2 protein chains.
Amino acid sequence: MSSSLNLRQLDASSADFEAEFQRLRHWSAEEDHAIEERVAAILADVKARGDAAVLEYTARFDGLSADSMAALELTREELKAAFDAITPPQRSALEAAAARVRSYHERQLAASGQSWSYRDTDGTLLGQKVTPLDRVGIYVPGGKAAYPSSVLMNAIPAHVAGVGEIIMVVPTPRGEKNALVLAAAYVAGVSRAFTVGGAQAVGALAYGTATVPGVDKITGPGNAYVASAKRRVFGQVGIDMIAGPSEILVIADGTTPPDWVAMDLFSQAEHDELAQSILLCPDARYIAQVREAIDRLLPTMPRAAVIRASLEGRGALILTRSMEEACDISNRIAPEHLEVSSAEPHRWEPLLKHAGAIFLGAYTSESLGDYCAGPNHVLPTSGTARFSSPLGTYDFQKRSSLIEVSEAGAQVLGVIAAELAYGEGLQGHARAAELRLKR
Amino acid sequence: MSSSLNLRQLDASSADFEAEFQRLRHWSAEEDHAIEERVAAILADVKARGDAAVLEYTARFDGLSADSMAALELTREELKAAFDAITPPQRSALEAAAARVRSYHERQLAASGQSWSYRDTDGTLLGQKVTPLDRVGIYVPGGKAAYPSSVLMNAIPAHVAGVGEIIMVVPTPRGEKNALVLAAAYVAGVSRAFTVGGAQAVGALAYGTATVPGVDKITGPGNAYVASAKRRVFGQVGIDMIAGPSEILVIADGTTPPDWVAMDLFSQAEHDELAQSILLCPDARYIAQVREAIDRLLPTMPRAAVIRASLEGRGALILTRSMEEACDISNRIAPEHLEVSSAEPHRWEPLLKHAGAIFLGAYTSESLGDYCAGPNHVLPTSGTARFSSPLGTYDFQKRSSLIEVSEAGAQVLGVIAAELAYGEGLQGHARAAELRLKR
């Protein structure tokens, strides 16, 4: 572990930069046909047999047997008991994080989640009614990547949006429950929770069973089986994004202590071998200092092996000609997490077009945002920040257009609509408009 | 055509209503494996060979041969010539519709598409930056269902949202161009347009070719090949919803002239045989009047055969016990278009939870909304209004979280984040937070 890290360094001004950059960006989740077929079969079985199928798959895949689905439901008392059993600092941290996440999403709801309408001078009303989803399902991974923070980040925006019922599913392999996950469910106000996972849990939420209520939308991360199942039930229910490996991109102007930046790169790399950490900086000396910090700090990290594999496999230190060029390159990557580790973050922020979350200034480590700053940590990955957004209250609402045409308005609109409808060969549309005209 | 229509009538108070209602609601697009495989092959080919592949498929499927993709681009001059060539009433109608659609979407942008931020007392800034997509693609069907109104409804919200470039694709089988579609593209301010369609056009937009610029999101309706291709490129680019057959549900209190309601049901049924038209009403006498109007008016409709097939196959007149029950049943269906044809539409509107667009009062025929009232006519179908929304400016924007933690804020947040990160076994996250603490 003490040998120096083989972390690639690119120079944006060199002739072969473009080719190396393309290789760095390349990541694609190849479809695994074996997984696809197994997931299709599991979903069909859950749709057909409901609880019985979910119980069988839970016994087979999670080594957890039960006589009935009801026995796999976590009661409110059990969630509370988990909350009472964790340490007081853990309780305080969960509650403080939940309060900040709630407060941020309340602002979000106020800013972009309200109904609105206006009237034309002829009395015609136009608007949009915004309403919460009735019932949503939250998938929480179990096993090695059991993250209580994800429970907060999925359940709280749904709660703030006004969702009537929040159903959590979390696999508990061999019955092992994660107390922090259960405590987080208690703090976040999850309505009901079941210890099931995998494609069978997604199927239960999408189709409903005798015991598990069918939901309108499923959010939350999961393994390849869960991702495949979510894709397949999309349409029947809504889903959030399908997440790829996590990424951090740091734009540094050289004013942040190099150890801080090195640790921020680690904090992404430690997630898994496919995670990606990139530094963009116009200062070659500073890049060398960060590299030195990486080599010095890596051996002190409990997850050093994962960090090393991630940094060597997908990480990069990139020397740019300027901070402006660093911003351009960042826009091409459209990173999930973007740190602007600069003394002048507000000078560069307007140049940044595509990113899931933008962390401004040296004190804003990504990890503060991951847990408790308030904004959501469920963010678009793999360049999808070009067209998609953090999970938010808007994901737990939907909109309905409102149209009330006045008698006077119908005289004007009817003529326009009829002209266009006849042009499209839709006479029923035209005549429905014409019937409202006074001749 | 003169024989009376076999339109089913249900009674919500009868014992077998639930079973009949379930049959009525049932619609599912079965996956067609042959289409899936052909689309996968076309997309792979377009990804690998670009323009050459698009040209070959266009020649083969659309009977349109060209030496180069550049020859398949519609110039701005050609769009303007089409606009100049249509009739003056058509020009006026297109421009009036475009102005109203633009005005509505400007309100939408102002109501829900603005960046926002706030500061904590310790100086920490939290917010969300809203930015337009760089470049989007709009798929416009050609052939029998060529709808200029769809060009307006897709391009204008993108334009209002601030999208930099709007690329339209529209198949022109055997080179036949629809003048109204081209004129609508001119009015809506499409940036570039190509006469290609099918899965090959979706592939060209998703991957980019030497001639067709790659986009960030693809919207617009299409046939089964287009829908399959959009599903497959989702992730590489964003997509809008995958639309099912169109639907109208009318809740009537018996005060609207029956002919108006009959024509509104026709205006949905005339789209295609799978379209669905449903009337909910607590007044049996009124239902009989609407049925009489349907029988009387149907023979006068140019598209009578399609209307008959649609109404007999999927239509229904449903007698309810009350207007409240009609609203409940409507919520279970979550219709694409919902007319509240009542003298008191604002009494019932608050009871309506799930619908793509709600048309209030007797004068508000769905067709006015389809063309020119202002709100979008691209709406969620097949019950997906439970969790999704009309196409809007929000579909052409994305959000980035903004976080700037102050030095003082980092002291508080760092302790919380470190506690939770250690609880999740992510020491890098914890130490990145701790490095910002003053000891």
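The shown structure was predicted, so the numbers you read here are calculated from the model rather than taken from an experiment.

Some remarks on the sheet that holds strand β7 (residues 192-194) of chain B
Turning to step 1, where the next piece is worked out: Read across the open sheet, the six strands follow the order β2-β7-β6-β5-β8-β9 (chain B); overall the sheet is mixed. The sheet terminates laterally at β2 (73-74) and β9 (238-239) of chain B, the two strands that pair on one side only.

Some words on helix α3 (residues 51-62) of chain A
Residue and element names in this part refer to chain A.
Turning to step 1, where the next piece is worked out: The first and last C-alpha atoms of α3 sit 15 Å apart over 12 residues, in line with the 16 Å expected at 1.5 Å per residue.
Turning to step 2, where the next piece is worked out: Among all positions of α3, only Asp51, Ala53, Val54, Leu55, Tyr57, Thr58 and Asp62 are buried.
Turning to step 3, where the next piece is worked out: Tucked into the core, α3 has its buried residues touching α2 (33-49) and α8 (198-207).
Turning to step 4, where the next piece is worked out: Trailing α3 by a residue or two, Gly63 shows a phi angle of about 60°, which is positive.

Here's the deal with the confidence of the model for chain A
Turning to step 1, where the next piece is worked out: For chain A, the average pLDDT comes to 95, and 98% of its residues sit at 70 or higher.
Turning to step 2, where the next piece is worked out: Reported confidences for the modelled complex are a pTM of 0.95 and an ipTM of 0.94.

So, the relation of the copies chain B and chain A
In this arrangement, two copies of a chain are superimposed by a rotation about an axis accompanied by a shift along the axis.
Turning to step 1, where the next piece is worked out: For the pair chain B and chain A, the relating rotation is 180°, the translation along its axis is 0.0 Å, and the fit reaches an RMSD of 0.0 Å. Seen this way, the second copy is the image of the first under a two-fold rotation axis. Residue Ser112 of chain B, judged by its C-alpha, is the member of chain B lying nearest the rotation axis, at 2.1 Å.
Turning to step 2, where the next piece is worked out: By residue overlap, the copies meet face to face through one surface: 99% of the interface positions of chain B are interface positions in chain A.

Some words on unusual backbone geometry
Note: most peptide bonds trans; most residues except glycine with negative phi.
Turning to step 1, where the next piece is worked out: For Arg174 of chain B, which is not a glycine, the phi torsion comes out positive at approximately 55°.
Turning to step 2, where the next piece is worked out: By the secondary structure assignment, Arg174 of chain B is in the loop between β6 (165-169) and α7 (179-188).

Points about the pairing of strand β13 (residues 337-341) of chain B
The side chains of a regular strand alternate, residue by residue, between the two faces of the sheet.
Residues and elements named next belong to chain B.
Turning to step 1, where the next piece is worked out: With five of five residues buried, β13 lies mostly within the body of the structure.
Turning to step 2, where the next piece is worked out: Neither face of β13 is open: one carries His337, Glu339 and Ser341, the other Leu338 and Val340, and all of them are buried.
Turning to step 3, where the next piece is worked out: In terms of strand pairing, strand β10 (residues 247-252) meets β13 through five bridges, oriented parallel. Among the inter-strand pairings, Leu249 is bridged to a residue of β13, identified as Leu338.
Turning to step 4, where the next piece is worked out: Of the strand pairs in this sheet, β13 and strand β14 (residues 357-360) are connected by four bridges, and their pairing is parallel. Bridging across to β14, His337 finds its partner in Ala357.

Some remarks on the interface of chain B and chain A
Turning to step 1, where the next piece is worked out: The interface is formed by 120 residues belonging to chain B together with 120 residues belonging to chain A.
Turning to step 2, where the next piece is worked out: Carbon and sulfur atoms make up 58% of the area that chain B and chain A hide from each other, which totals about 10500 Å².
Turning to step 3, where the next piece is worked out: Scanning the region where chain B abuts chain A turns up 10 salt bridges.
Turning to step 4, where the next piece is worked out: In this structure, Asp134 of chain B engages Lys353 of chain A in a salt bridge whose closest nitrogen and oxygen atoms are separated by 3.1 Å.
Turning to step 5, where the next piece is worked out: For the pair chain B and chain A, the interface holds 65 residue pairs in polar contact (both at pLDDT 80 or more).
Turning to step 6, where the next piece is worked out: The element contributing the most residues to the side of chain B that touches chain A is helix α5 (residues 88-112) of chain B, with 13 residues.

How each quantity is defined
What you see as residue numbers is a count from 1 along each chain, following the sequence as written. Following the order in which they are written, the chains are lettered starting with A and the ligands numbered starting with 1. The model is predicted, so local features are restricted to residues of pLDDT at least 70 and side-chain atom pairs to those at 80 or more, both for listing and for counting; the totals for chains, interfaces and linings are taken over all residues. Hydrogens are left out, water is left out, and the side-chain values use all remaining heavy atoms of the structure. Two strands form a pair only when DSSP identifies at least two bridges running between them. The helix and strand labels rest on DSSP assignments: H or I over at least four residues marks a helix, E over at least two residues marks a strand, and numbering proceeds from the N terminus. To estimate the expected span of a helix, count its residues, drop one, and scale the result by 1.5 Å. Buried, partly exposed and exposed residues are distinguished by accessible area as a fraction of the type maximum, computed with a 1.4 Å probe on protein chains only: under 20%, between the cut-offs, and over 50%, respectively. Throughout, a residue-residue contact means that at least one pair of heavy atoms, one from each residue, lies within 4.5 Å. Confidence scores per residue from the predictor, reported as pLDDT, run from 0 to 100. All copies are superposed by least squares; the fitting set is the C-alpha atoms of residues with a pLDDT of at least 70 in both. Summed over both partners, the accessible surface that disappears when two parts come together, traced with a 1.4 Å probe, is what is meant by buried area. Salt-bridge detection follows one rule: a side-chain nitrogen of Lys or Arg within 4 Å of a carboxyl oxygen of Asp or Glu. In protein, a polar contact means a hydrogen-donor-capable atom and an acceptor-capable atom, both N or O and within 3.5 Å, with residues adjacent in sequence counting only if both atoms are side-chain atoms; elsewhere, any N or O pair within 3.5 Å suffices.

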